[in-house]
Amino acid sequence: MLGQVNAVANLAVKDLGRAKTFYERTLGLREVDHMGEDVSVLKSGDTVINVYRSDFAGTNKATAVSWAVGDKIDRLVDELKSKGVTFEHYDMPDTRLEGDVHVFGDIRVAWFKDPDGNILNLINQ
């Protein structure tokens, strides 16, 4: 039923202007629509992410958005670090850390947060 329809990620933020700066300038997404002063629709690949103002911003303690970047993960981590992004380091079983990238066998993942604490990641798949 829904398997043929694109899904949209929704990210709550406290300060929409600050969030737009992060998503556009730091991550390279592009605003394609907005709804007043409360919602910015940002293009990422063939999908969009709705970034919206909410008093509940930053309360999600799980990964909110993942980007499958293939073998570009190390280069993108370096590029984001050069733009001031700080990567998270988690202590997980059967995982080793190579710089800022967590390695689980063939899977490589790097987690970081937006200015409101939403957890985002890059994965090599």
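This is a predicted model, so every value here is computed, not measured.

Basis of the calculations
Residues numbered from 1 in each chain as written. Predicted model: local features only at pLDDT ≥ 70, side-chain atom pairs only at ≥ 80, totals over all residues. Heavy atoms only, no water. Pairing = 2+ DSSP bridges. Helix = DSSP H or I, 4+ residues; strand = E, 2+ residues; numbered from the N terminus. Axes fitted to C-alpha atoms, helices over the stretch in contact; angles between N-to-C directions. Contact = heavy atoms within 4.5 Å. UniProt positions renumbered as here; feature names shortened; annotations may be inferred. Salt bridge = Lys/Arg side-chain N within 4 Å of Asp/Glu carboxyl O. Buried < 20%, exposed > 50% of the residue type's maximum accessible area, 1.4 Å probe, protein only.

If you walk across this open sheet you meet the 4 strands as S1-S4-S3-S2, and the pairing is mixed. The sheet is open, and its two edges are formed by strand S1 (9-13) and strand S2 (30-35), each paired on a single side. Averaged over all pairs of adjacent strands, the angle between strand axes in this sheet comes to 25°, irrespective of strand direction. Across 5 bridges, S2 lies against strand S3 (residues 39-44) in antiparallel orientation. When the sheet's bridge partners are listed, Arg30 is paired in S3 with Lys43. The strands touched by helix H1 (residues 16-26) within the sheet are S1, S2, S3 and strand S4 (47-53), with S3 carrying the most contacts at an inclination of about 5°.

What follows is about the UniProt feature "domain: VOC" (unreviewed entry) in the protein chain. According to UniProt, the "domain: VOC" (unreviewed entry) feature falls on residues 4-125. Split by type, residues 4-125 is 17% helix and 42% strand. Its first and last C-alpha atoms lie 21 Å apart.

Opposite charge on two side chains allows them to pair when their charged atoms are near. Evaluation of the coordinates by the stated rule reveals 10 salt bridges. Among the ionic pairs, Lys81 bridges to Asp100, the shortest N-O distance being 2.9 Å. Here Lys81 is found in helix H2 (residues 73-82), whereas its partner Asp100 is found in the loop between strand S7 (96-98) and strand S8 (101-104), with 19 residues between them in sequence. On the accessibility criterion, Lys81 (44% relative accessible area) is partly exposed. Connected via shared salt-bridge partners are Asp74, Arg96, Glu98 and Arg108.

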